[in-house]
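Examining the three-dimensional arrangement
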Amino acid sequence: MTKNSIVVSGIRPTGNLHLGNYMGAVKNFLKMQNEYNCFFFIADYHSLTTHPNPMDLHQNVRQVLAEYLACGLDPEKCTLYIQSDLPQIPELYLLLNMHAYKGELERVSSFKEKARTQPDNINAGLLTYPVLMAADIIIHRAGLVPVGKDQEQHLEMARTFGNRFNRMYSIDLFPEPQAFNYGGELVKIPGLQGGGKMSKSDGDNNVINLVDEPEKLRKKIMKAVSDSGPTEPNSAPSQSAQNLFDLMATVSSPETLNFFKEAHANCNIRYGDLKKQLAEDMIQFLTPIREKIQDIYADEAYLGKVAKLGAEKARESAEATLTEARKAIGFKRFF
Ligand code: TYM
């Protein structure tokens, strides 16, 4: 991997960022901004598939921008922008859509899942969501995309659409973007309710938001699903116990985690104690971030300046790629 690799990633403005977003994506962004040419954005076009009301959308974009900055993204080190500030993205999306087929789009897991959970709103934007995401990534000719495990299939589609364009127009314009995590493996942070990944769609009690106040965190974590305790020494943890260990691994010290894992192996684990410790470690981790979010959110002038600077830098990069794509297609101007 070379130092000059280009990095792109984004997060949808669906409310407050949660621990899954932080550990799957933002944590990598923070380190990558020191090592690569990074483009990080707020995917507001993507959030339109669920028809947010304009006021909420506006506030949520502002919130994510404040959260990005509070976590430590530095607009001097990376290009930080709002997706809808780049008209080049929908244009590339349109070009890519001409070579994206209904059959392959219908087979994407996230589409199938949405079609199942929101049968009354299976819109074209939902079907072509992976095309828009490909446009986001390849518009800057990115090689690396820091994301959580749930985005793996979308990355595969981005490679497919980029390669297809290259082949169709006999051009070597788009490199193949790879999903990235510093640990090697892409991560999936579990929710608090015992199931799969931490996600807003399973309700607020399932997620740990970066802005959650200490009392709220304690309540949510104490209510987290566990089990009735192991009965055999050295038995494998149940899914809900494993989730608690996984959450603990994100914020607690290795000694603390080992202490509770050993207690589990010895059949004398007390989940109440584990949760209390997890809540305190989580509070310690999140408090400085929460305090910064509040300050930055209130500073409208600063947020405006950051968004404007980011849009200018991102547009320049996007325009350079789009010019090549337009030329390859045959859109040459005679006037
Ligand atoms: P979104 O907004 O659902 O999530 C943003 C990022 O957070 C990661 N993530 C998680 N990681 C680990 N465990 C979890 N429980 C968890 N929940 C969320 C996601 O993997 C993602 O990295 N389609 C994207 C947004 C997007 C994008 C892009 C990303 C649009 N264009 C271009 C990268 C490149 C999405 O909906 O992510």
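Quick notes on the rules
- Residues numbered from 1 in each chain as written.
- Predicted model: local features only at pLDDT ≥ 70, side-chain atom pairs only at ≥ 80, totals over all residues.
- Heavy atoms only, no water.
- Core = buried A, V, L, I, M, F, W, Y, C linked by side-chain atoms within 4.5 Å.
- Buried < 20%, exposed > 50% of the residue type's maximum accessible area, 1.4 Å probe, protein only.
- Helix = DSSP H or I, 4+ residues; strand = E, 2+ residues; numbered from the N terminus.
- Domains from an automatic or database assignment.
- Polar contact = N/O pair within 3.5 Å; in protein donor to acceptor, adjacent residues only side chain to side chain.
- Contact = heavy atoms within 4.5 Å.
- Buried area = accessible area lost by both parts, 1.4 Å probe.
- Salt bridge = Lys/Arg side-chain N within 4 Å of Asp/Glu carboxyl O.

With that settled, the discussion passes to the nonpolar core. Counting 62 residues, the largest nonpolar core has V26, Y68, I208 and M282 as the members making the most contacts within it. In terms of residue count, helix α13 (residues 271–298) provides more of this core than any other element does, 10 residues in total. Taken domain by domain, the makeup of this core includes at least three residues from each of domain 1 (3–188 + 300–329) and domain 2 (200–294). In terms of nonpolar packing, the next biggest core, distinct from the first, is built from 40 residues, V8, I89, L155 and F174 among them.

Next up on the list: the side chain of S240. Its place among the elements puts S240 in helix α11 (residues 239–251). Since its relative accessible area comes to 10%, S240 is described here as buried. Within the local environment of S240, its side chain forms a polar contact with the backbone oxygen of S226, the two atoms lying 3.2 Å apart. In this structure S240 touches G194, V225, S226 and D227, once residues within four positions along its chain are discounted.

Further remarks concern the domain arrangement of the protein. The parts lose accessible area when they come together, and the size of an interface is often stated as this lost area. Assigned domains of the protein: these are domain 1 (3–188 + 300–329) and domain 2 (200–294). Domain 1 and domain 2 are separated by 31 Å when their C-alpha centres are compared. Listed by partner, the interface residues are 13 residues for domain 1 and 14 residues for domain 2. At the boundary of domain 1 with domain 2, total buried surface from both sides reaches about 1,200 Å², with 72% on carbon and sulfur atoms. On the domain 1 side of the contact with domain 2, H18, L19 and A70 bury the most area, a combined 43% of that side's loss. For the pair domain 1 and domain 2, the interface holds zero salt bridges. On inspection of domain 1 and its partner domain 2, the count reaches three residue pairs in polar contact (both at pLDDT 80 or more). Put simply, the parts of the chain that give the side of domain 1 that touches domain 2 at least two residues each are α1 (19–32) and α3 (54–71). In terms of residue count, the dominant contributor to the side of domain 1 that touches domain 2 is α3 (five residues).

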